[in-house]
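For reference, the chains in residue letters:
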Protein chains: 2
Amino acid sequence: MGNKTANAISPTRAEDYPEWYQQVVRAADLAEVSPVRGCMVIKPWGYALWENMQRVLDRMFKETGHVNAYFPLFIPLSFLEREAEHVEGFAKECAVVTHHRLEAGPDGGLVPAGPLEEPLVVRPTSETIIGEMYARWVQSYRDLPILINQWANVVRWELRTRLFLRTTEFLWQEGHTVHAAQEEAIEETLRILDLYADFAESYMAMPVIKGEKTPAERFPGALNTYTIEAMMQDHKALQAGTSHFLGQNFARACKIKFLDQAGQEVFAWTTSWGVSTRLIGGLLMTHSDDDGLVLPPRLAPKHVVILPIYRTPEERTKVLEHCESLRRELREQTYGEDRVQVEIDDRDIRGGEKGWQHVKRGVPLRLEIGPRDIASDSVFLGRRDRPVKEKKPVARKEFVETVIDILEEIQKGLLERARAFRDERTRTIENIDEFIAFFTPQSSEKPEPHGGFAVSFWAGEDDPRTAEILQELKVSPRCIPLGLAEEAAEGRCIFTGKPSRQRVYFAKAY
Amino acid sequence: MGNKTANAISPTRAEDYPEWYQQVVRAADLAEVSPVRGCMVIKPWGYALWENMQRVLDRMFKETGHVNAYFPLFIPLSFLEREAEHVEGFAKECAVVTHHRLEAGPDGGLVPAGPLEEPLVVRPTSETIIGEMYARWVQSYRDLPILINQWANVVRWELRTRLFLRTTEFLWQEGHTVHAAQEEAIEETLRILDLYADFAESYMAMPVIKGEKTPAERFPGALNTYTIEAMMQDHKALQAGTSHFLGQNFARACKIKFLDQAGQEVFAWTTSWGVSTRLIGGLLMTHSDDDGLVLPPRLAPKHVVILPIYRTPEERTKVLEHCESLRRELREQTYGEDRVQVEIDDRDIRGGEKGWQHVKRGVPLRLEIGPRDIASDSVFLGRRDRPVKEKKPVARKEFVETVIDILEEIQKGLLERARAFRDERTRTIENIDEFIAFFTPQSSEKPEPHGGFAVSFWAGEDDPRTAEILQELKVSPRCIPLGLAEEAAEGRCIFTGKPSRQRVYFAKAY
């Protein structure tokens, strides 16, 4: 940080957004690339953020009647093959276990041995293995609904990976439910969509559009996929969570049948839904700035960092004592699911560098406390939602009394700022020329952020010319927004000119 | 349950202990065998128990300065090979990923494709992959200690599996720490051993012997392995948790080096330690009886189940209202890490069968509440630590006021009973004949539980005759107990007659 001039992160967002992203992940010590292709190591600060997300989501799932369970990591190949679209969707990118031991090879090194009769796939998602178990558990309508969630690791052999956004192994939760009636399953699918949107907005401070995926973008094997889509600071969309209505497809594939109240044997209706460590990438790209990570207080692993300042051993004793008593006072207060989390950072590092580390990690509030602050019974406060240099003294008592309000003000401010950002870059577009212009950078040399969410009528058909335009622009239909469909007056598809009653969100996407 | 006579579980412990174990797992709905060889499905009740264990352990780890992180599921084969003993210990039982996609084979079905240049092993434990990362993170003594824990799934290709006790995939936590000095690493190893023992006794109500493993029983690559050993109701030992002092073995293998305060580059000292879902098997075999699971209240997912009793719809309304208000009153009280957990079970199942389900699942307290109980303002209480038929009315107010005391009384009673059971079956044995008699069943037809913990002097050498005796008896040295070594007067090895100052615990073991 010695020769830093203006910002802690180089390059800035404007200079090179993808590289800025990597540098923020690194500067905030969230994760790093591992020596295993495409797999990441989630470091303690990143994992603490994930734990906070888990804790809130887990409570929300339990409050809506779900319980957790755990199913095998491995899926027999034959199970995956039971649902045709499903296996097609995942066959190209899965880790396959073919042997169950190692033995000395011809050149002395170890080689795989003990070939398996049937290869096992490391789960890319668990519909088929969980469906197999559900088929055993469900006999009668009295056994329904089944409302189970699993916290797990999954593996998809991605060719191009980026920390959190797309990795070979990632952590997620996957809900898998079984219902006696179609409407119940659809209700569940939408209940979870609402839950995800609530989590994104209330905790991540990340506004989202709730909608239905167009057929080509559905989960392989689903009748309908619902999604929450958020806008990142480069104006691209991030699919942040999905909830699938699976109809009876997987029930048929896995033979989940039951005797209904009339004594008839019928297939059940299932859903599945998930969010993953990808959310951390979304959170980063929603709020962070050219000084590093910015964390919404409700998910921050630490809310306040205290930076003691002293010169002599005598000062040190006095200052640390003061900081410790302040920490205790702050800790007494409840914030969200737990206490106000306070760290005293007394490491032997130059003060400036130390302060910047916490800026880059996104700690919401920084307090510098030295002998002068103790004398005036105040704290020197820096807020992560304000410029780094903008610090001011606050009476200690006032700070303690208002710390929760300040945290909530930051939380609210982040959401409002993100919503304003998105709304400014969301445009209703009625014709194809405007659509193309919206998604075309001004200069081809340095592609400035451009575009955003285009909301346009679309007939939704398989039309080669539409596909060509979208491919050229690198734009995809993100979702058919819920609620909007009925409001919309009738219009004409901007691609084909055909009548349409359906507005669709389009964007470039991660 | 219709034709049940005396006990809910058949066979009883005395009739067939291993089969009784499987039947308790099934009756309590903890887990079941999956279609994937050796992998289990942990069902909601079993997983809730694991979540409670995780929550307590996680708090204990954090209180002792540890943080969580996450490392890759896959380990490149070459990493595993870096430590000679380590790879030898795990090579015979690991799942090997050799391909990264599936494609249509000659007969139309899918076959593995995209062979990997280097096979990946699904982690059986993570010393080598974590060590690789630590080597990158540690440069200077200022970077130490590193105190990281990981909650994860691991895979060991076991030939003979039993639910919870030995499964191909299991869930665990693995701590991996790095220290600048040998003494610090040894201190950490023992701190965790104490933490595990405290968890086992204070939460699982499972008394344990803390000790050091004999050389042949050490973790592959460790200089010293410490263990907690518990006695099951068939008198066998269960290794319930281990903490390893790895010396500099893995630091050398993974090149974890740092500049010490004198500016010298030196290898670091590391430890690793873990407990797994095996604890659930241990908990089951410590407390359960011929009516099913018995849960220590501090880990029970539910503390109280309320069974409403009514005949008419009017009674139903009144009874349920009463139960709900009782539930709210109970929930207001804090027990352990959370509130008193209360379930009202109003399912449409015959009362007897319903009550037995909760007995078999080990819910500590059952309350039957019908119109008569409401009239007398009392609850009809059954305790899981008492015979099932022994139920008695308690004034409602008294029950609400003493529920925490009752739960703690049960908790304490379970520990005392288990400790008495173990102590009765622990014998100091001074000669080989007595040792052989202790571990030999009275009748060969029906091997009654026999033996237990034998505490005997042992010279601890590689002696073929000793090995032969132990193998024939199916007995192994479990540990050299901590604390006992210094107290012990000098004696003679019961196998070789050589002088020995070391008493060792011997037992048959899981």
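Computed from a predicted model, the values in this text were never measured in an experiment.

Thresholds, definitions, all that
Residues numbered from 1 in each chain as written. Chains lettered and ligands numbered in written order. Predicted model: local features only at pLDDT ≥ 70, side-chain atom pairs only at ≥ 80, totals over all residues. Pairing = 2+ DSSP bridges. Helix = DSSP H or I, 4+ residues; strand = E, 2+ residues; numbered from the N terminus. Contact = placed C-beta atoms within 7 Å. Axes fitted to C-alpha atoms, helices over the stretch in contact; angles between N-to-C directions. Domains from an automatic or database assignment. Nonpolar A, V, L, I, M, F, W, Y, C, P; charged D, E, K, R; others polar. Buried ≥ 20, exposed ≤ 12 C-beta atoms within 10 Å, placed from the backbone. Least-squares fit on C-alpha atoms with pLDDT ≥ 70 in both. Core = buried A, V, L, I, M, F, W, Y, C linked by C-beta atoms within 7 Å. pLDDT = per-residue confidence, 0-100. Expected span 1.5 Å × (residues − 1). Bend = angle between axes of the 7 residues up to and from the residue.

### What to know about the sheet that holds strand β27 (residues 503-507) of chain A
Residue and element names in this part refer to chain A. The strand order β3-β7-β8-β14-β11-β10-β9-β24-β27-β23-β22 describes an open sheet built from 11 strands, whose pairing is mixed. Looking at which strands have only one partner, the edges of the open sheet turn out to be β3 (67-68) and β22 (426-428). Packing against the sheet, helix α5 (residues 127-137) makes contact with β7 (146-155), β8 (169-179) and β14 (269-276), and its axis sits at approximately 30° to β8.

### Overview of the pairing of strand β24 (residues 476-481) of chain B
All names here are of chain B. Where strand β9 (residues 209-212) lies against β24, 2 bridges are found, and the strand directions are antiparallel. Opposite G211, over in β24, you have P481 as the bridge partner. Pairing of β24 with strand β27 (residues 503-507), which is carried by 3 bridges, proceeds in the antiparallel orientation. Looking at the pairing, S476 lines up with A507 of β27.

### As for the domain arrangement of chain A
Residue and element names in this part refer to chain A. Under the domain assignment, chain A is made up of domain 1 (17-287), domain 2 (304-406) and domain 3 (426-507). Here domain 1 and domain 3 have C-alpha centroids that lie 29 Å from each other. Every contact between the two is made by 14 residues of domain 1 and, on the other side, 15 residues of domain 3. When residues of the side of domain 1 that touches domain 3 are assigned to their parent elements, the largest contribution, 4 residues, is made by strand β9 (residues 209-212). Residues belonging to the side of domain 1 that touches domain 3 are distributed by class as follows: 3 nonpolar, 4 polar and 7 charged.

### Focus on the environment of B:I432
Residues and elements named next belong to chain B. By the element assignment, I432 lies in helix α13 (residues 432-438). Assessed through the 17 C-beta atoms surrounding it within 10 Å, I432 is described here as partly exposed. Separated by 24 residues in the primary sequence, I432 and S456 place their C-alpha atoms 9.3 Å from one another. When sequence neighbours within four positions are dropped, the list of residues in contact with I432 reads I494 and F495.

### Some points on the interface of chain B and chain A
If you look at the interface, chain B gives 46 residues, while chain A gives 46 residues. Broken down by element, the side of chain B that touches chain A gets its largest block of residues, 7 residues, from strand β5 (residues 96-104) of chain B. Of the residues in the side of chain B that touches chain A, the class split is 32 nonpolar, 6 polar and 8 charged. Of the pairings in the sheet, the one linking strand β5 (residues 96-104) of chain A to β5(B) comprises 3 bridges and is antiparallel in character. Note on β5(B): the bridge partner recorded for A:H99 is B:V96.

### Describing the relation of the copies chain B and chain A
Each copy of the chain is related to the other by a rotation around an axis and a translation along that axis. Least-squares fitting of chain B to chain A yields an RMSD of 0.0 Å, with the transformation described by 0.0 Å of translation along the axis and a rotation of 180°. These values place the two chain copies in the arrangement generated by a two-fold rotation axis. Residues of chain B ranked by C-alpha distance from the rotation axis are headed by B:V97, positioned 2.1 Å from it. Of the interface residues in chain B, 100% have counterparts in chain A that sit at the interface too, so the contact is made through matching surfaces.

### A word on the environment of A:E448
Residues and elements named next belong to chain A. Here E448 lies in the loop between α13 (432-438) and β23 (453-457). Put simply, E448 and D16 are 432 residues apart on the chain and 9.1 Å apart in space, counted from C-alpha to C-alpha. Other than its neighbours up to four places away in sequence, E448 contacts P441, Q442 and S443.

### Structural notes on the nonpolar core
A:C94, A:A200, B:C94, B:A200 and B:A230 are the most contacted members of the largest nonpolar core, which totals 292 residues. Every residue in contact with A:C94, bar those within four places of it in the chain, is listed here: A:V121, A:V122, A:P124, A:V155, A:R156, A:W157, B:R101 and B:L102.

### Section: the confidence of the model for chain A
Counting all residues, the mean pLDDT for chain A is 95, and 97% of those residues have values of 70 or more. With pTM at 0.96, the complex prediction returns an ipTM value of 0.96.

### Details of the sheet that holds β5(A)
Taken in spatial order, the 6 strands of this open sheet run β4(A)-β6(A)-β5(A)-β5(B)-β6(B)-β4(B), and their pairing is antiparallel. A single partner strand is all that each edge strand has here, and the edge strands are β4 (74-76) of chain A together with β4 (74-76) of chain B. Pairs of neighbouring strands in the sheet enclose a mean axial angle of 45°, with direction left out of account. Bridge analysis of β4(B) against strand β6 (residues 110-122) of chain B gives 3 bridges, and the strand direction is antiparallel. Residue B:I75 lies in a different strand from β6(B), and its bridge partner there is B:V121.

### Quick word on helix α12 (residues 396-424) of chain B
Residues and elements named next belong to chain B. In a regular helix each residue adds 1.5 Å, so 29 residues correspond to 42 Å; α12 covers 39 Å between its end C-alpha atoms and thus fits that length. Along its length, α12 shows its largest kink, about 60°, at T402. Every buried residue of α12 is listed here: R396, F399, V403, L407, I410, Q411, L414, L415, A418 and R422.

### Concerning unusual backbone geometry
With an omega of 5°, the peptide bond between A:S10 and A:P11 qualifies as cis. Of note, A:P11 is situated in the segment before α1 (17-27). Positive phi is not limited to glycine here, since B:F164 has a value of about 70°. Mapped onto the elements, B:F164 comes out in the loop between β7 (146-155) and β8 (169-179). In this model, B:A205 sits at a positive phi of 55°, which is unusual for a non-glycine residue. Topologically, B:A205 is positioned in the loop between α6 (182-202) and β9. Using a count of 26 C-beta atoms within 10 Å as the deciding quantity, one classes B:A205 as buried.

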